[in-house]
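Chain and residue survey
Okay, here's what each chain looks like letter by letter:
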Amino acid sequence: MDMKLPPAEELRLVDLELSRLDARRAELLVRRARLLSALYHPARPQSPPSFPGAGPVRETSPRGAQNVLLTLGGTLLAIAALAFTLVSWGSMGIAGRAAVLLVVTSAALAAPAVLLRRELGSTAEAVGALGLLLTVLDAYALHRVALPGADGLGYAAGASAVLAAVWAGYGGLSRRLRLPFPAAVVAAQLPLPLGAVAAGGSPVVVAWAAVVTATADVLLLGRPVGPAVRITGASAAGVLAAWALLTGGGLSLTAPWTGAPLLLGCAALCLGAVRVARPAAVALAAVAGLAVVAAVGGPLRAALPPEWAVPVYVVCGLALAALWRPVRAGWVPEGVRVGFGLAGGGVAALGVLWALPPVAVGLLGPADRRAGVWSGAHAEPVLGGYPATAVLVLLLAAAAAATVGGVWGRWGAVALGWALLMALPVSLGLSYGAGLAVRLVATAAALAVAVRPGSVARGPFSWTGPAAGLAAAGSAVLLGLDVRGATFVVLGVLLGLFTAAAVLGAGVVREVSAGAAVLAAGGLVGAGAAAAGLAPATAGLLLLLVPAGTAALAARVRSAAAEATGAAVGVVGLALTVPRPAVLALALALGGVVAAATALRPERRRAVSWLAAALFLGAAWVRLAVWGVTVPEAYTLPVTVPALVVGFLRRRRDPEASSWLAYGPGLATTLLPALVAVWSDPYWSRPLLLGAGALAVTLLGARFRLQAPLVLGGTALALVGLHELAPYVVQLVGALPRWLPPAAAGLLLLAVGATYERRLREARQLRDRLARMR
C-alpha cells in the first residue's frame, strides 16, 4: 500500500481491503460448518422402501431391541449354568468338573475384551455379567466339592471378599465394562457382617461391622468413581447405616451404655458422609443429630426417675439445636447447622406433644357441669396422674422459641407460655384459688402481649394473643362457676382486663376485647340476678341493660364487636321473658327503645330502624294478647291510617323513596295482627273484611306499581283464602281414596318438571317486575 497517498484515498483503500477479507472469512466459515457436519454427522443410508401394508412407524429402536435380546440371552445362559451346577454337577468326575469350570468361566470373562474391540459394547456387557455370575457359581461349587465341612456363613464371608477383589481387578482390566465395579461394591458389603455373624458376634458386633463397612463405602464415594459405583456405594452405605441406627436405637432403650457408642459411631458416619453427599447434607445431619440425642440421652435417662425421661431428651435436643444459631456459622457448615436444628426442633416438638394432655385438662376440665353451678365440684385440686415435668418441658420449649426471634419465635413463645400456665394447676395439683389465679394471669399475659407494640399481634398471627386470652378467660369462668363468690371475682377481673385491652389495643385485639368485655358484663348481670334469686323473666329484663349500655357507648366509641355482642345478650334476655307474656311485651318495648336510639346514628339508621319498628310492633301485639283483645283492628287501624298518610306525604316529597319505608310499617301494623286473629276466628265477617281490605291494597299496589302494598296485600289475601278453603280441603281429602293424593302429587311434579324451564323463566320475570317497583 502506497503510504504517500492522501489520507482520504488511503482510508478508502483500507476499507475496501477489509470488506474483501470479511467476505472471504464468511465463505470459509460456511465451508467449515459443512465439513464438520459431514465429519461428525454422516449421512444415514437410505432405508429400503416399505412394502404395501407395512406400518411406517417403528415401535422400538434398534438399540432397544438389541438390549432386550442380549438380556434374554444372558438370562437364559445364567439359568442354564445354574441348573447345570445344581443338577448335573454330580454326574461328572473331578477332571470334567474342573475342565468345565475353567473353560466356561474363562471364556465368559475373556470374551468381552474381544467383543469390545469389535465395538459390540452391549454384547460385551451381557457376556461379562454372565461371567460374573459364573464366578459365584464357581465359589458355590468349590464349597460343595473341596470344602463341604466349612461353615456356610464363614465361607460366604470369605468368598464374597475374594469375589469383590476379583471383580474389582477384572473391572480394572476391562474399564469399558460398566458392571464389574458396582458388582464388586455390592460383594464388598458382605464380608464383615457375615463374618461377625459366623463368629457368633452379638447384634452390637454385627452393627459395628455394618458401620465399618458403611465407612468404607463413604471413603469410596470420596474418590473419583463413576456414577454407577457412586449410586451403588451410597445405597449400600444407607442400608447398613440404617440397620446400625435401628440396632443402636433399640439398645439405647434397654442397654444405653452399650448403644451410646454405636449411635455416636453412626452419627460420625453420617457427618463424614456430608462432605461427599452435599445434596443430602441436611438429611444426613438431621439423622446424625437424632443419633447424638439418643446416645447422650439414653444413659442420662437411665440414671434418673422415669418422669424425667422426656425432659432429658428435650434438653439434649435443644442443646443440639443451639448449633443452628447464626453465631456458630463460622465453624459449623450450613447444611449441618440446618440438619441439627431440624433434629433438635423435632425432639422438642415431640416433647411438647407429650406435655399437652395436662394443658387440655387444665383448659377443658372445668367444662364438666353435671353437678350444676355453684356446686363446688371442681373446688378440690385436680390430680390426674400427670407428671410435674410436663411444665418443665413447656418452659424449656417456650424459652427456646423466645431465643429464636422473628415472627415464628414470638408466636411459639406466646403459645407455649400460655400452654405452660394452663398446665400448671393440673401438673402441680394447685388449689382452687391458685388455679383461678393462674388462669387469670394467663389471660392478662396474653392480652398484654397482644396490645404491646411490635408484638406478634401486629404480624400475620394477629389472632394468637386474643385467642389465648379468650381461651384462658373461658376456662377461668367455667372454674369460677363452682363457687358463688369466685364467679363475681372472675367476671369482674375479666371485665377490667378486656376493657383495658379494648382501650389500649387496635384492630383485631380491640374488637375481640370489646366483645369479651360486653360478655363479662352480661355474665355479671346474670350472676347477680341468679344470686338474688330473681325469676328468669326478671333476669331477662336486667340483661337488657347490657345492649342499652353498648348502644350508649357506641355513640362515642365505635366497636362492631361490642354492639353485636350486646345485641346477642339482648336476645338472650328476650328469650328469658318468653314464659311471661306481660314481661315479654315490656322487654320488647325496651328493646325497641334501644334500637330506636341506635338508629339515630346515620350509619345504623337503615338496618336498625326496621328492627326498632319490629320490636315496637311485637310489643304492641303481645300486649294486646295479654289484655285478651279479640278485635286488634280497633287498636291498629288508628296507627295504620296516620302512618299511611305520613308515607304518602313522604312519597309525594321524594318519589324515589321505597314503598317499604313509606307504607310497609303502616300496612304491617294492621294486616299481621288481623291475620293472626283470622286463624282463630270461627265467624265469616272478619275474613271477609280482611280479604276485601287485602284485595284493595293489592290492586292499589298493582295500579301504582308499589312493591310493599302488592306483596303485603297479596300475601294477606292468599292466607285468608287458604283459611277459608282449609275446611273444605280437609273434607275433600277425607272423602277421596287414599291413593288419589299421592297420584295427584306425582302428576303435579311431572307437570312442573316438564315445564320447569318455562316456570323458572316466568318466576324470574315476576321477580324482575317486583324489583322494578318502588
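The coordinates are above.
The structure presented is a predicted model; accordingly, all values stated were derived computationally and were not measured.

This next bit is on the overall build of the protein chain. Counting secondary structure elements, the protein chain contains 32 helices and 0 strands. Buried residues in the protein chain amount to 36% of all 774 residues. Within the protein chain, contacts between residues separated by at least 24 positions form 66% of all contacts whose residues are at least 6 apart in sequence. A total accessible area of about 43,400 Å² is found for the protein chain, and carbon and sulfur atoms account for 72% of it.

Listed as buried for helix H21 (residues 536-543) are Ala-537, Ala-539, Gly-540 and Leu-543. Here the buried residues of H21 occupy an arc of 160 degrees about the axis, which is enough to place them on one side. Tucked inside the fold, the buried residues of H21 contact helix H20 (508-531), helix H22 (545-554), helix H23 (560-576) and helix H24 (581-598).

Bringing the pattern of salt bridges into the picture now. With the rule as written, the count across this model stands at 4 salt bridges. Note that Arg-24 is salt-bridged to Glu-27, the shortest N-O span being 3.2 Å. In this pair, Arg-24 and Glu-27 are both assigned in helix H1 (residues 7-40), 3 residues apart and thus about one turn of the helix distant. You can call Arg-24 partly exposed: its relative accessible area is 48%. A salt bridge links Arg-178 to Glu-125, with the shortest nitrogen-to-oxygen separation between them at 3.6 Å. Residue Arg-178 is found in the loop between helix H5 (152-173) and helix H6 (180-188), and its partner Glu-125 is found in helix H4 (residues 121-145); the two are separated by 53 residues along the sequence.

So, about helix H11 (residues 281-303). Residue pairs three or four apart in sequence face the same way in an α-helix, which turns once every 3.6 residues. Here H11 contains 23 residues, and its C-alpha end-to-end distance of 34 Å stays within 8% of the 33 Å for a straight helix at 1.5 Å per residue. Its maximal kink placed at Gly-297, H11 deviates by approximately 30 degrees, while the proline Pro-299 follows within four residues.

Below, the discussion takes up the state of the cysteines. One pass over the structure, following the stated rule, counts 0 disulfides. Note on Cys-266: no disulfide assigned, nearest cysteine sulfur contributed by Cys-270 at a separation of 6.8 Å. Assessed through its relative accessible area of 1%, Cys-266 is described here as buried. On the basis of relative accessible area, Cys-270 is assigned to the buried category, the value being 7%.

Together, Val-641, Val-645, Phe-648 and Leu-649 line one region of the surface with nonpolar side chains, adding up to about 360 Å² of accessible area. In this fold, Phe-648 is placed in helix H26 (residues 633-653).

A word on the packing of aromatic side chains. For the coordinates displayed, the defined rule picks out 0 aromatic pairs. The lysine or arginine in question, Arg-703, covers the ring of Phe-704, its NZ or CZ lying 5.1 Å from the ring centre.

Time to look at the nonpolar core. If you look at the biggest cluster of nonpolar residues, it comprises 25 residues, and the most contacted ones within it are Val-359, Leu-394, Leu-416, Trp-418, Met-422 and Ala-442. At the level of elements, helix H14 (356-364), helix H15 (389-404), helix H16 (406-428), helix H17 (432-451) and helix H18 (464-480) are the ones that each hand at least two residues to this core. Apart from residues no more than four positions distant in its own chain, Leu-394 is found in contact with Val-352, Ala-355, Val-359, Leu-416, Ala-419, Leu-420 and Ala-423. Counting residues in each nonpolar core, the second largest holds 21 residues, with Ala-241, Ala-285, Cys-316 and Val-336 among its members.

This brings us to unusual backbone geometry. A negative phi angle is the norm for most residues apart from glycine, just as the trans form is the norm for most peptide bonds. Positive phi is not limited to glycine here, since Arg-705 has a value of about 55 degrees. Within the secondary structure, Arg-705 is located in the loop between helix H29 (685-703) and helix H30 (707-735). By relative accessible area, Arg-705 is classed as partly exposed at 45%.

Each value, and the rule that gives it
Residues numbered from 1 in each chain as written. Predicted model: local features only at pLDDT ≥ 70, side-chain atom pairs only at ≥ 80, totals over all residues. Heavy atoms only, no water. Helix = DSSP H or I, 4+ residues; strand = E, 2+ residues; numbered from the N terminus. Buried < 20%, exposed > 50% of the residue type's maximum accessible area, 1.4 Å probe, protein only. Contact = heavy atoms within 4.5 Å. Areas by Shrake-Rupley, 256 points an atom, 1.4 Å probe, with all protein chains shown as cover. Arc of directions from axis to C-beta. Salt bridge = Lys/Arg side-chain N within 4 Å of Asp/Glu carboxyl O. Expected span 1.5 Å × (residues − 1). Bend = angle between axes of the 7 residues up to and from the residue. Disulfide = S-S within 2.5 Å. Patch = residues over 30% accessible without salt bridge, like charges linked within 9 Å, V, L, I, M, F, W, Y side chains within 5 Å. Phe/Tyr/Trp six-rings, centres within 6.5 Å; stacked < 30°, edge-to-face > 60°. Lys NZ or Arg CZ within 6 Å of the ring centre and 35° of its normal. Core = buried A, V, L, I, M, F, W, Y, C linked by side-chain atoms within 4.5 Å.

None of this, on its own, says anything about what the molecule does.
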